Amino acid sequence: MKTKADPKTWDSQLFRRILKIATPHLNLLIYGIVLTIFLAFLSPLRPYIIGKLVGEYVRLLDERSLFFGALLVVGILIIESIMLVTLSYISSDLGQRVVKDLRDKLFNHITQLKLRYFDQKPIGMLVTRSVSDMETIADVFSQGLLVILGDLLKLTGVLSFMFYINWRLTLIVLIPIPVLLISTTIFKKAIKSSFQDVRKQISVLNSFVQEHITGMNIVQIFSREEVESNKFSKINEAHKKAHIKGIMAYSIFFPVVETLSATSVAFLVLFSVWSISYGGVDYGTVTTEMMSFILYISMLFRPIRMLADRFNTLQMGMVGSSRVFELLDSQEYIFQNNAFNLDGFKGNIKFENVFFSYDQKEPVFNGLSFEVKAGQTVAIVGPTGAGKTSLINLISRYYEFQKGRIKLDELDIRDIDLNILRSKIAVVLQEVFLFNTSILENITIGDKNISRQEVINAAKKVGVHEFINQLPNGYDFEVKERGGLLSSGQRQIIAFLRAYVYKPQLLILDEATSSIDSFSEEYIQNATIEITKSRTSIIIAHRLSTIQNADAILVMNKGIIVEKGTHNELLKQKGQYYDLYQNQFIANINTE
């Protein structure tokens, strides 16, 4: 995507791209354009007929012609109203259909982005792109594109009738138009800057609110309510000022338009008086022209005034769409060179000289190599920052390594279809995320292939069926946002069961037992034994007591495996594992 393009060129490219997303609904767009064209040439017909009625039939007291003329005007108004309602519905329907398609596309794109992208971008910004920025694109079709086209065509029709009636009078009443066009240009630039600022401030506001509501416990624990409220007040003030800039532009522009419109009427009256007094024009002709032109001036200035507003709606949609397309154009997703299946996955894992860095500057792994045999339970321990979590991030391809190879059953993971790869792996994290729905939905993640009975049977095997049944409504218990109604240990139990029902060939437990309460510890220990049976398992452990029966223990430090062996073998070596074990053992004694 271009980053330093000429604004006009970029706008035209962006506009073509916006139109392109409407092609699946081209029939609605065509219907809207046809109705717009009819309306544009139907509306200017009314002032012409009304002028004739007043100037000729009223003056001559021709009641019959006046009656039929009035019926004609009413008929045109009815047809015009029906067409306006239909056009409004079509344009709004078109806008919402386009936004629905684009929002689906955007959300699908977001779900495929690398986790590194979410590390760098505030969630509130992504919410703004998916919601409020999308609505501005809907306005491009419902209030911008077709309406602008209609106003331009209506102006053409109005001017055509005016020149046809009296070209001299038309030129007279158009004298204020250059001033109006200059004012409109200035207004358009001012409001464009205001809209860009507004969109920016909305994004900042959404990010701040989302972040602080999510972390409200930290705010209250450290008594930061007043400090954070002051920060919010400053952000809110900037948001208010951005809106006021736009309000100020409107408050100046609209009175200017009304003044210029009144000036045109004044020129009309003066020229009409002069025509009767000195131009030799009869009273009936002047009356006809004045009546028509007064209506035409209103029809002339209103579209020009509204055009500025419509162009700003269009510009706001352009700003919103540029933000949405910027996100859609991001290349922060995992590339797949091939898409091989992983049939009959046994569970062998092999790291071969793997180099990895999050920021391309500070290395996490410098040539990491090790192997896990199928069916083994391997534990990984080490101090904070040793690279334990980074290791499992690479196995699941949440992040991409720079050099080396990671192989599953002798197949490079970069050559395996990403969905198939992750379907073979289940990860239980230390921080469990639960959706705002039932326990059953959180276990199955909406997978219709997993029945309620399968979940119940799995819960019985893991030993947590009784615990779940004790909750109100059992498996249908609503856990609320992030599982806020459950303890951390209870959330871990749900996460273990979620991993178990998916029957993975490779199980990864990332510090999954580090923050459990005493009530849940027994449940989780039994669950760990059950779900690690007959499958390859990698356990990143904080509590060394939970991994003593592992087939192998890898001790990591600064991205390097410094020791490897069973629990007893490592204790005999009296190296780093021995020190970690002794420190934890002494800490437990002191706690008791």
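The shown structure was predicted, so the numbers you read here are calculated from the model rather than taken from an experiment. (Residues numbered from 1 in each chain as written. Predicted model: local features only at pLDDT ≥ 70, side-chain atom pairs only at ≥ 80, totals over all residues. Heavy atoms only, no water.)

Peer 1: Got a minute to help me understand the sheet that holds strand β9 (residues 552–557) in this structure?
Peer 2: Two orientations exist for strands paired in a sheet by backbone hydrogen bonds: parallel and antiparallel. On the basis of which strands lie adjacent, the open sheet formed by six strands has the order β6-β7-β8-β3-β9-β10 and mixed pairing. The strands lining the two open edges of the sheet, one partner per strand, are β6 (425–428) and β10 (560–565). Taken over all neighbouring pairs, the strand axes of this sheet differ in orientation by 20° on average, direction set aside. As paired elements, β9 and β10 share five bridges and run antiparallel to each other. Residue Leu554 lies in a different strand from β10, and its bridge partner there is Lys564. On top of the sheet, helix α13 (residues 388–395) reaches β3 (377–381), β6, β7 (506–510), β8 (536–540) and β9; it is set at about 150° to β7, its chief contact. (Pairing = 2+ DSSP bridges. Helix = DSSP H or I, 4+ residues; strand = E, 2+ residues; numbered from the N terminus. Axes fitted to C-alpha atoms, helices over the stretch in contact; angles between N-to-C directions. Contact = heavy atoms within 4.5 Å.)

Peer 1: I would appreciate a short explanation of the packing of helix α4 (residues 63–111) against helix α7 (residues 132–165) in the present structure.
Peer 2: Between two packed helices, both the angle of their axes relative to each other and the distance between the axes serve to describe the pair. Where α4 contacts α7, the two axes come as close as 8 Å, and the packing angle between them is 150°. The orientation of α4 relative to α7 falls into the category roughly antiparallel. Crossing hand, α4 versus α7: right-handed. In this structure, α4 contributes Leu87, Ser91, Ser92, Leu94, Gly95, Gln96, Val98, Val99, Leu102, Arg103 and Leu106 to the contact, and α7 contributes Met134, Glu135, Ile137, Ala138, Phe141, Ser142 and Leu146. Taken together, the residues of the contact of α4 with α7 sort by class into eleven nonpolar, five polar and two charged. (Parallel < 35°, antiparallel > 145°, perpendicular 65-115°, else oblique. Left-handed = near helix turned anticlockwise from the far one by under 90°. Nonpolar A, V, L, I, M, F, W, Y, C, P; charged D, E, K, R; others polar.)

Peer 1: Explain the sheet that holds strand β2 (residues 363–372) here, please?
Peer 2: In space, the four strands of this open sheet follow the order β2-β1-β4-β5, with antiparallel pairing throughout. The open sheet has two edge strands, β2 and β5 (411–412), and neither has a second partner. Sheet analysis places strand β4 (residues 403–408) next to β5, joined by two bridges and oriented antiparallel. Bridging from a neighbouring strand, Leu408 pairs with Leu411 of β5.

Peer 1: Whenever I open this one, empty space enclosed by the protein confuses me. Can you help?
Peer 2: The rolling of a water-molecule-sized probe over the atoms marks out the regions of remaining empty space. Tallied over the full model, the rule gives one cavity of 30 Å³ or more. Within this model, the largest cavity holds a volume of roughly 40 Å³. Lining the largest cavity we find Asn348, Ile349, Lys350, Glu371, Val372, Lys407, Leu408, Asp409 and Glu410. Elements represented by at least two residues in the lining of the largest cavity include exactly β1 (349–357), β2 and β4. (1 Å grid on protein atoms, 1.4 Å probe; cavity = no way out; pocket = protein on both sides within 12 Å on 5 of 7 lines; lining within 4 Å. Points joined across faces, edges and corners; volume = space filled by probe spheres on them.)

Peer 1: Would you mind going over the side chain of Thr377 with me for this structure?
Peer 2: Looking at where Thr377 falls in the secondary structure, it is placed in strand β3. Thr377 has contacts with Thr532, Ser537, Ile539, Ala550, Asp551 and Ala552, leaving out every residue within four places of it along the chain.

Peer 1: Would you mind going over the pattern of salt bridges with me for this structure?
Peer 2: Any two side chains of opposite charge can pair if their charged atoms end up close together. Scanning all chains against the criterion turns up 17 salt bridges. Its salt-bridge partner being Lys100, residue Asp104 comes within 3.0 Å of it at the nearest N-O pair. Pair noted here: Asp104 and Lys100 are both in helix α4, with a separation of four residues, about one helical turn. You can call Asp104 partly exposed: its relative accessible area is 42%. Taken together, the salt bridges that share partners define one network made up of Lys350, Glu352, Lys407 and Glu410. (Salt bridge = Lys/Arg side-chain N within 4 Å of Asp/Glu carboxyl O. Buried < 20%, exposed > 50% of the residue type's maximum accessible area, 1.4 Å probe, protein only.)

Peer 1: What is the right way to read α7 from this model?
Peer 2: An α-helix turns once every 3.6 residues. As a result, residues three or four positions apart point the same way. With 34 residues, α7 should reach 50 Å at 1.5 Å per residue; the first-to-last C-alpha distance of 47 Å fits that figure. Taking the largest bend as the criterion, α7 deviates by roughly 40°, centred on Val140. (Expected span 1.5 Å × (residues − 1). Bend = angle between axes of the 7 residues up to and from the residue.)

Peer 1: Mind showing me how you'd approach the pairing of β4 here?
Peer 2: Regular strands place their side chains on alternate faces of the sheet. Of the strand pairs in this sheet, β1 and β4 are connected by five bridges, and their pairing is antiparallel. Paired with Lys350 across the bridge in β4 is Lys407. Between β4 and β5, which pair antiparallel and follow one another directly, the connecting turn spans two residues, one of which, Asp409, has a positive phi of 50°.

Peer 1: Teacher, can you tell me more about the nonpolar core here?
Peer 2: Side chains of a nonpolar character, in soluble globular proteins, are inclined to be buried together. By size, the foremost hydrophobic cluster in this structure holds 65 residues, and its most contacted members are Phe141, Leu300 and Phe301. It is helix α12 (residues 283–328) that provides the largest number of residues to this core, a total of 15 residues. Not counting the four nearest positions on each side in its chain, Phe141 is found in contact with Ile18, Ala22, Ser91, Leu94, Gly95, Val98 and Leu146. Ala459, Val462, Leu507 and Leu544 belong to the second-largest nonpolar core, a separate cluster that totals 45 residues. (Core = buried A, V, L, I, M, F, W, Y, C linked by side-chain atoms within 4.5 Å.)

Peer 1: Help me understand the packing of helix α2 (residues 26–42) against α4, please; the structure alone is not making it clear to me.
Peer 2: Look at α2 against α4: their axes get within 9 Å of each other, and the N-to-C directions meet at 150°. What the angle tells us is that α2 and α4 run roughly antiparallel. The handedness of the crossing between α2 and α4 comes out as left-handed. The segment α2 lies against α4, with Leu28, Leu29, Tyr31, Gly32, Leu35, Thr36, Phe38, Leu39 and Leu42 engaging Ile76, Ile79, Glu80, Met83, Leu84, Thr86, Leu87, Ile90, Asp93, Leu94 and Arg97.

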